[in-house]
Amino acid sequence: MGGGASKVPPSNDAALGVPGEPEGFGGLQLWAEHSKGKLLGRLNKKGSVPIGAFVAEGDKGMESFAWFMRMMVGGATCTDKVVDANTVLEAAGGQGRASALCPTYTYNNSNLKVIVTRPKGAPKGGKLPALVWAHGGGIATTAKNWDWCGKAWAKALGAVVLNVDFRHGGLAEAPAGAMDLVAVVKWVHVNADELGVLPERVSVAGQSGGGFEASVACLELAARGEAGLVRAAFMDVPLMWPTEMLGPYDGMSEWRRFEHEVVCKQIYMCYAGPDWEARWGEGEKAPWLNILAAPDDLMAKSPKQVVLSVEFDICRWQVDAYAAKLQRCGALYPFDKNFLKVWKRAWVLYSG
């Protein structure tokens with residue numbers, strides 16, 4: 001979460017609406033401090049990884065870690081569900097399977113896997129809040145190796161956690177993953193009794209790569225006029241794209257330029273597909289890919305959010321800009337400075 005307020009602001013952040021001095025921006029708490037160009041070690045800028053192989057290797061690499069974490073984390077039970085999300089969206093009426101953000105996209109997923117996690121000891125027949133959760137792992141992992149994390153959330157929050165096996169940039173072009181989350185939000189409301197959840201207390205959360213999907217899902221719901229389906233949204237270092245991804249890089253530290261020019265760009269290409277350059281162009285900065293390009297009036301209709309930014313995360317600068325944009329639009333909840341308690345505290349305050 002970084003040190004105290006920076007007196008040497010990051011380069012070019014003013015262009016994103018992020019102030020030089022954190023205390024000068026209407027109370028928005030910007031806590032991260034820039035590395036000021038000081039790097040320990042060198043970054044390897046050579047080569048790129050084939051995405052299909054990257055996803056397979058990512059899941060394989062997670063297996064041993066996930067097995068270990070399952071041994072460490074208890075207190076909840078998991079049930080695998082398969083959702084015909086096409087039917088869910090069609091039955092809901094309105095936009096149906098069409099995306100409100102991306103008019104050329106028609107949703108298609110009749111085999112959406114969801115791991116439903118319920119804390120042990122919950123009253124039999126009782127109803128709990130629900131958290132539709134998009135796991136982290138960038139574009140390299142799938143939900144099956146994050147079941148332990150869903151258990152931890154369920155136990156800590158006293159909630160039913162829906163760990164969605166959404167399709168990310170390694171598996172499908174955007175907005176497929178965000179629409180997967182929208183479908184699960186609707187599915188939870190329709191099946192609230194069966195799932196044992198309180199429909200008025202359904203929230204969304206996303207971490208890293210899942211945070212990208214969750215942020216777009218919130219915007220999609222806003223565009224559909226259905227933001228009221230979500231009580232609150234919790235964004236944990238969400239993946240998103242910097243305005244200067246393709247430059248200019250003047251004044252940037254070596255680390256920041258590498259993250260923008262190489263890391264973020266390669267991940268963006270996976271989400272945007274072969275027409276990624278056109279979709280980044282001046283005439284088409286689509287909000288379903290570039291959340292910072294979302295109109296303020298639409299962002300203002302989004303479910304209110306808690307956003308966590310971390311100093312050395314690859315998306316640190318754009319997440320700060322996202323938080324600033326949310327605050328400007330009245331869609332940002334106050335942030336608890338105590339890092340160790342932030343999500344539990346935020347859940348108690350804002351999940352209803």
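Residues numbered from 1 in each chain as written. Predicted model: local features only at pLDDT ≥ 70, side-chain atom pairs only at ≥ 80, totals over all residues. Heavy atoms only, no water.

**Q** Help me get a handle on helix 6 (residues 209–223), residues and values and all.
**A** Counted at 1.5 Å a residue, the expected span for helix 6 with its 15 residues is 21 Å, and the 22 Å between its end C-alpha atoms agrees. By the criterion of burial, helix 6 is predominantly enclosed, with 14 of the 15 residues buried. Residue Gly-225 follows helix 6 closely and has a positive phi angle near 75 degrees. (Helix = DSSP H or I, 4+ residues; strand = E, 2+ residues; numbered from the N terminus. Expected span 1.5 Å × (residues − 1). Buried < 20%, exposed > 50% of the residue type's maximum accessible area, 1.4 Å probe, protein only.)

**Q** Got a sec to walk through the nonpolar core? Specific residues and values, please.
**A** Grouped together as the largest cluster of nonpolar side chains are 76 residues, with contacts concentrated most on Val-132, Leu-162, Val-184, Trp-187, Val-188 and Trp-241. In terms of residues, this core owes the most to one element, helix 4 (residues 176–190), which gives 10 residues. Counting residues in each nonpolar core, the second largest holds 19 residues, with Ala-76, Leu-157, Val-306 and Tyr-333 among its members. (Core = buried A, V, L, I, M, F, W, Y, C linked by side-chain atoms within 4.5 Å.)

**Q** Tell me about the sheet that holds strand 1 (residues 76–83), and name the residues and values.
**A** Here 7 strands make up an open sheet; going across it, the order is 1-2-4-3-5-6-7 and the pairing mixed. Because the sheet does not close on itself, it has two edges, and the strands there are strand 1 and strand 7 (305–308). Averaged over neighbouring strand pairs, the angle between their axes works out to 20 degrees when direction is ignored. In terms of strand pairing, strand 5 (residues 197–207) meets strand 6 (residues 233–236) through 4 bridges, oriented parallel. (Pairing = 2+ DSSP bridges. Axes fitted to C-alpha atoms, helices over the stretch in contact; angles between N-to-C directions.)

**Q** How would you sum up the confidence of the model for the protein chain? Please name residues and give values.
**A** Taken over all residues, the pLDDT of the protein chain has a mean of 79, while the share at 70 or more is 74%. The element-level mean pLDDT for the protein chain is lowest in helix 1 (residues 51–72), coming to 57, with helix 4 highest at 97. Across residues 1–54 the pLDDT falls below 50, and counting only partners more than four positions away or on other chains, this stretch makes 102 contacts in the model. (pLDDT = per-residue confidence, 0-100. Contact = heavy atoms within 4.5 Å.)

**Q** So what about the pairing of strand 4 (residues 160–164)? Which residues, and what values?
**A** Extensive coverage of strand 4 is indicated by the burial of 5 of its 5 residues. Because side chains alternate across strand 4, one face comprises the buried residues Val-160, Leu-162 and Val-164, and the other comprises Val-161 and Asn-163, equally buried. When strand 2 (residues 112–119) meets strand 4, the two strands line up antiparallel, connected through 4 bridges. Across the sheet, Ile-115 pairs through a bridge with Asn-163, a residue of strand 4.

**Q** Can you break down the environment of Thr-117 residue by residue, with the values?
**A** Along the chain, Thr-117 turns up in strand 2. The spatial distance from the C-alpha of Thr-117 to the C-alpha of Cys-149 is 10.0 Å, given a sequence separation of 32 residues.

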